[in-house]
Amino acid sequence: MSSRRKFIKKLGITLPAITLLGVQAYEVKGASILAEKKKTTPIKPVVISTWKFGFSANEKAWETLEAGGKALDAVESGVQVPESDPNVSSVGFGGLPDRDGNVTLDSCIMDETGNAGSVAFLQGIKNPIRVARMVMEKTPHVMLVGKGAQDYAVAEGFEIEDLLTDKARTRWEEWKTDANYKPEINVEDHDTIGMIALDKHGNLSGACTTSGLAWKMHGRVGDSAIIGAALFVDNEIGAATATGKGEAVMKTVGAFLIVELMRQGKSPQEACELAVQRIIEKNPDSKNFQVGYLALNKEGQTGAYSIQKGFTYNVFDPNKKEQMQADHYYETDVRSY
Ligand code: SD4
């Protein structure tokens, strides 16, 4: 059976329904777009994050959650672990640069009240998620970019640092020798941290932060700075985050789509699968890149799904602290995007 047929069978939906591709086509029951409130006891606290390095980020976030702290504080402190780690080559300090050798960072954060903040194309600041939170809490805006974001960070007391480590510089120099200065989509080891948490008070928040695609064009901004694309939180419903080829996530407004599907009654798992399906339907070249989604609903249920094999994620709740492999659409072993 083809992957597509298997996928459709798994979701229990009909081919005409999938072809319509409208949200309403997925067995939305009755006229109401609001999901029936489930009467289960919520699992909480819960924190989930992307990729292997997310495990230590979860450990950090868990300290806050277990102590009864806020989901917002948990995700902000959690994602700073890979941001500050020079050995993580895809987030913050130590991130691989653009094709001109500049490390440029994208981050966003969203809280339980629907407030959001983000920075994009930010250079020289090791923990961009902290700046994103300040944009959210201290300015009347949602997003600051480039020099303006850097000036704002400096005014708030951040130091400008050189984020290009010797290791990242060496890899860039190696890349330059035969890359013909072409931005590359098929690049390995370039993973964003997306994290979402539900705290003991039943509130949801999320954060997402990255140095973006390696060898990208100077000035390129990915999904990780875009509220609705790589991150969306609706405290009534749930939250979602994304990793992978940001262009594909932005063009389908992935995280927002997942939250809206959950609003219509889909489980986090079903919602992630439908959002991946949307990308596959819209991108004839979807075999050549990776996107992975994570979702968490108000009940503490989680979901994860990716286009390709190899999307690792982490789930911490009162019963487990686990690193897991997401189900995926294609059986091919292409860990690239
Ligand atoms: C981007 N979404 O800049 C990021 C890269 C990423 O896993 O998530 N990689 O497009």
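Relevant structure appears above.
These numbers come from a predicted model, not from an experiment.

### Digging into the site of the ligand
Taken together, 13 residues surround the ligand, and among them Thr192, Arg220, Asp223, Thr243 and Gly244 come closest. In the model, an oxygen atom of the ligand is placed 2.6 Å from a nitrogen or oxygen of the Arg220 side chain. Backbone polar atom of Gly244 to a nitrogen atom of the ligand: 2.6 Å apart, as the coordinates give it. Against a free-state accessible area of 290 Å², the protein chains account for coverage of 100% of the ligand. Looking at the shell around the ligand residue by residue, the classes come out as three nonpolar, seven polar and three charged.

### Let's talk about the pairing of strand β10 (residues 302-306)
A large share of β10 lies buried, amounting to four of its five residues. Sheet topology places strand β9 (residues 291-297) next to β10; five bridges connect them, and they run antiparallel. Note that in β10 the partner of Tyr293 across the bridge is Tyr305. Where β9 folds back on β10, the antiparallel hairpin that results is connected by four residues, among which Gly300 adopts a positive phi of roughly 85°. Pairing of β10 with strand β13 (residues 327-328), which is carried by two bridges, proceeds in the parallel orientation. Paired with Ser306 across the strands is His328, a residue of β13.

### Re the packing of helix α9 (residues 254-263) against helix α10 (residues 268-282)
One can describe the packing of α9 onto α10 by two numbers: an axis separation of 9 Å at closest approach and a directional angle of 135°. What the angle tells us is that α9 and α10 run oblique. Like other packed secondary-structure pairs, α9 and α10 cross with a definite hand, here right-handed. Between α9 and α10, the contacting residues are Gly254, Leu257, Ile258, Leu261 and Met262 on the first element and Pro268, Ala271, Cys272, Leu274, Ala275 and Arg278 on the second. Classifying every residue of the contact of α9 with α10 by side-chain character gives nine nonpolar, one polar and one charged.

### With respect to a nonpolar patch on the surface
Together, Val142, Met143 and Val145 make up an exposed nonpolar region whose accessible area comes to about 230 Å². With respect to the helices, strands and loops of the structure, Val142 is situated in the loop between α5 (128-138) and β4 (143-145).

### Topic: the nonpolar core
By size, the foremost hydrophobic cluster in this structure holds 82 residues, and its most contacted members are Val47, Val131, Ile258, Val291, Tyr293 and Ile307. With near-sequence residues (within four places) excluded, Val47 lies in contact with Asn58, Ala61, Trp62, Leu65, Met195, Ile196, Ala197, Asn314, Val315 and Phe316. Formed by 12 residues, the second largest nonpolar core is a distinct cluster that contains Val103, Leu105, Trp175 and Ala214.

### Brief notes about the pattern of salt bridges
Tallied over the entire structure, the rule returns 13 salt bridges. For Arg133, the salt bridge is made with Glu137, and the minimal N-O distance between the two is 3.0 Å. One end of the pair is Arg133 and the other is Glu137, both in helix α5 and four residues apart, which spans about a single turn. Assessed through its relative accessible area of 12%, Arg133 is described here as buried. Glu137 gets classed as partly exposed once you look at its relative accessible area, which sits at 47%. Salt-bridge contacts for Arg263 lead to Glu260; the nearest nitrogen and oxygen are separated by 2.7 Å. You can see Arg263 and its partner Glu260 sitting in helix α9, three residues apart, about one turn around the helix. By relative accessible area, Glu260 is classed as buried at 16%. Among the charged side chains, a network of salt bridges with common partners joins Asp73, Glu76, Arg133 and Glu137.

### Describing the sheet that holds strand β1 (residues 46-50)
An order of β4-β3-β2-β6-β5-β1-β11-β12 is seen for the eight strands of this open sheet, with the pairing classed as mixed. The open sheet has two free edges, formed respectively by β4 and β12 (320-325), since each of these has just one partner strand. Neighbouring strand axes in the sheet, compared pairwise and without regard to direction, differ in orientation by 10° on average. Relative to strand β6 (residues 204-210), strand β5 (residues 193-198) runs antiparallel, the two being bridged by six bridges. Bridged to Gly194 within β6 is Cys208.

### Quick look at the side chain of Ser286
Structurally, the position occupied by Ser286 is in the loop between α10 and β9. Filtering out sequence-adjacent residues up to four positions away, Ser286 remains in contact with Ile280, Ile307, Gln308 and Tyr330.

### Remarks on the packing of aromatic side chains
Taken as a whole, this structure holds seven aromatic pairs when the rule is applied. Ring plane angle 70° and centroid distance 5.0 Å describe the contact between Phe55 and Phe316, whose orientation is recorded as edge-to-face. Taken together, the positions of Phe55 in helix α3 (residues 54-66) and Phe316 in strand β11 (residues 312-317) put the pair 261 residues apart, joining distant regions of the chain. Owing to a relative accessible area of 24%, Phe55 belongs among the partly exposed residues under this scheme. With a relative accessible area of 1%, Phe316 lands in the buried category. Joined through ring pairs, the aromatic side chains of Trp51, Phe311 and Tyr313 make up one cluster. The ring of Phe93 is capped by Lys126, whose NZ or CZ atom sits 4.9 Å from the centre of that ring. Over the face of the ring belonging to Phe289 we find Lys245, whose NZ or CZ atom lies 4.3 Å from the ring centre.

Reading the values: rules and limits
- Residues numbered from 1 in each chain as written.
- Predicted model: local features only at pLDDT ≥ 70, side-chain atom pairs only at ≥ 80, totals over all residues.
- Heavy atoms only, no water.
- Near = heavy atom within 4 Å.
- Polar contact = N/O pair within 3.5 Å; in protein donor to acceptor, adjacent residues only side chain to side chain.
- Areas by Shrake-Rupley, 256 points an atom, 1.4 Å probe, with all protein chains shown as cover.
- Nonpolar A, V, L, I, M, F, W, Y, C, P; charged D, E, K, R; others polar.
- Buried < 20%, exposed > 50% of the residue type's maximum accessible area, 1.4 Å probe, protein only.
- Helix = DSSP H or I, 4+ residues; strand = E, 2+ residues; numbered from the N terminus.
- Pairing = 2+ DSSP bridges.
- Axes fitted to C-alpha atoms, helices over the stretch in contact; angles between N-to-C directions.
- Parallel < 35°, antiparallel > 145°, perpendicular 65-115°, else oblique.
- Left-handed = near helix turned anticlockwise from the far one by under 90°.
- Contact = heavy atoms within 4.5 Å.
- Patch = residues over 30% accessible without salt bridge, like charges linked within 9 Å, V, L, I, M, F, W, Y side chains within 5 Å.
- Salt bridge = Lys/Arg side-chain N within 4 Å of Asp/Glu carboxyl O.
- Core = buried A, V, L, I, M, F, W, Y, C linked by side-chain atoms within 4.5 Å.
- Phe/Tyr/Trp six-rings, centres within 6.5 Å; stacked < 30°, edge-to-face > 60°.
- Lys NZ or Arg CZ within 6 Å of the ring centre and 35° of its normal.

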